[in-house]
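Spelled out, the chains give:
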Amino acid sequence: MNRKTIRQIPITLITIAGLAMASLGHSNDDLSASIQADYQHRLGDMFKHFHANPELSTGEFKTAKKIAQELRAHGFNVTENVGGTGLVALLKNGTGPLVMMRADMDGLPVEEKTGLSYASTVTQLDPVTQKTFPVMHACGHDVHITSLIGTAKQMVDRKNQWSGTLMLIGQPAEERVIGARAMMADNLWQRFGKPDYALAFHVSSILPSGVINVVEGAPFAGADTVDIYVRGIGAHGASPHAGKDPIVLASQIVMALQTLVSRELSPRQPGVVTVGAFHSGTKHNIISELAHLQLTVRNTNLETRDTLLKGIKRIAENLGRAAGLPEDKLPQVVYSEESTPPTVNNAAMVRRLKQVWQSGMGEHRVSALEAEGMGAEDFPFFTTDPEITSVYFSVGGTDADYIAAAKNGTGPAVPSHHSPIFKIEPQPAVTAGIQATVLALLDLMPTSK
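One numbering rule holds for all chains: residues counted from 1, following each sequence as written. Predicted model: local features are reported for residues with pLDDT of at least 70 only, side-chain atom pairs are reported and counted for 80 or more only, and whole-chain, interface and lining totals are derived from all residues. To obtain the side-chain values, all non-hydrogen atoms of the structure were used and water was disregarded.

**Let's talk about helix H7 (residues 302–322)**
With 21 residues, H7 should reach 30 Å at 1.5 Å per residue; the first-to-last C-alpha distance of 30 Å fits that figure. Within H7, the full set of buried residues consists of Thr304, Arg305, Leu308, Leu309, Gly311, Ile312, Ile315, Ala316, Glu317 and Gly320. Looking at the packing, one finds that the buried side of H7 touches strand E10 (222–231), helix H6 (246–264), strand E12 (271–280), strand E14 (290–299) and strand E15 (332–335). Two N or O atoms count as a polar contact when they lie within 3.5 Å, although within protein this holds only if one can serve as hydrogen donor and the other as acceptor, and sequence-adjacent residues are included solely when both atoms are side-chain atoms. A run of H or I in DSSP counts as a helix once it spans at least four residues, and a run of E counts as a strand once it spans at least two, with each numbered from the N terminus. Between the side-chain oxygen at the start of H7 and the backbone nitrogen of Glu303 there is a gap of 3.1 Å, and the oxygen is on Asn301. One or two positions beyond H7, positive phi appears at Gly324, with a value near 90 degrees. Expected helix span is taken as 1.5 Å per residue step, with the number of steps being one fewer than the number of residues. Buried, partly exposed and exposed residues are distinguished by accessible area as a fraction of the type maximum, computed with a 1.4 Å probe on protein chains only: under 20%, between the cut-offs, and over 50%, respectively. Contact criterion: two residues are considered in contact whenever any of their non-hydrogen atoms come within 4.5 Å of each other.

In structure tokens:
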């Protein structure tokens, strides 16, 4: 190799890299422009339709039908009524990985008070309670399903840029954390194939519009709904010695449960045991025969979950023994089906997609803020058993100036999820959700050319 050639190598490499970056930037500009145009053409009206017509968990009949109709129009093979009202849409585009993107689609029994021109005025008979409630998209699932439909169009328009099979899932009943489990019980992977990768996102009211947030570890906690039935021996309130007071015993259980997090978990290990309701008795001077405690239990890994659930049972039963109850009257601990393991992101996949989003959307639009609370999701029913490499991310949905004003006290607080005044700035949230999803899918399903 002569000296002239040696000198030319870095120039050649720089030229190629520059052309590649220019091509990538041009491609990303085209993607963003196409998404914005689609929002103006139809997705904006579609979002308003979904927002104005929410449906409760397990009753998402019209929502699912609308999503299925839109996805079929893009050429997807759609199967409805999976696990109830769930739907699965498949688009095969050559050889390659099977990648799943999920959007939850249920609303909440909340009366909307946002004042939006397209606010929900819907009421619906709850399929579970058989009671009628006002219904609202108070958690942003309207953003998720609108973005799912927008993602379908962009992926179809870019079939020459990816290879594999795309699976889009419309999931019911996330708010009751039973929809993903119901779809899995309906033999989801056996019927449609087990994904190599899985994705989902949630719009966030505390993040500025259009910002993507992704973290390693657990973006959402595991949650278990637990009931403790504390039995006693009824007596007159004037003769407490003649009975066994379940209110006193239940109160001791409530206080002892507080030591589970403070004394049985590492100080750096998060966990929550909250007694949300305490019911017992009918009259001032009657010692009742039963007290009922209702708990929510939160954690960020399966080991902590096991420690907390076993600890609740141990404390309740042994305090019953300490109170002198016979074995057949010990407190009974019941675990509800409304529970979910923690959502745990694959660390390598987080780092991979973070680079993709920083390159395609700008570093200023990608953050890694840890969750402040212990909110839960049922997405891990798709990804935990069997384990699937997955990432769950967040998309900002509130105007940055509004958030800043709320923080410095010059404006109202940002409405939280599940609030009757919860509202999202739809265009930047929907379009950012589509852009982040498409960029991730293109990276996970590269062409074989």
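**What about H6?**
The end-to-end C-alpha distance of H6 is 26 Å, a good match for the 27 Å that 19 residues give at a rise of 1.5 Å each. Among the residues of H6, those classed as buried are Pro246, Leu249, Ala250, Ile253, Val254, Leu257 and Leu260. What you see down the axis of H6 is that its buried residues fit within an arc of 150 degrees, all on one side. Opposite its buried face, H6 presents the exposed residues Met255 and Arg263, each directed more than 90 degrees away. Those residues of H6 hidden inside the fold are in contact with E10, E12, strand E13 (286–287), E14 and H7. The opening residue of H6 is Asp245, an N-cap whose side-chain oxygen sits 2.9 Å from the backbone nitrogen of Ile247. The arc in question is the one spanned by the directions pointing from the helix axis to the C-beta atoms.

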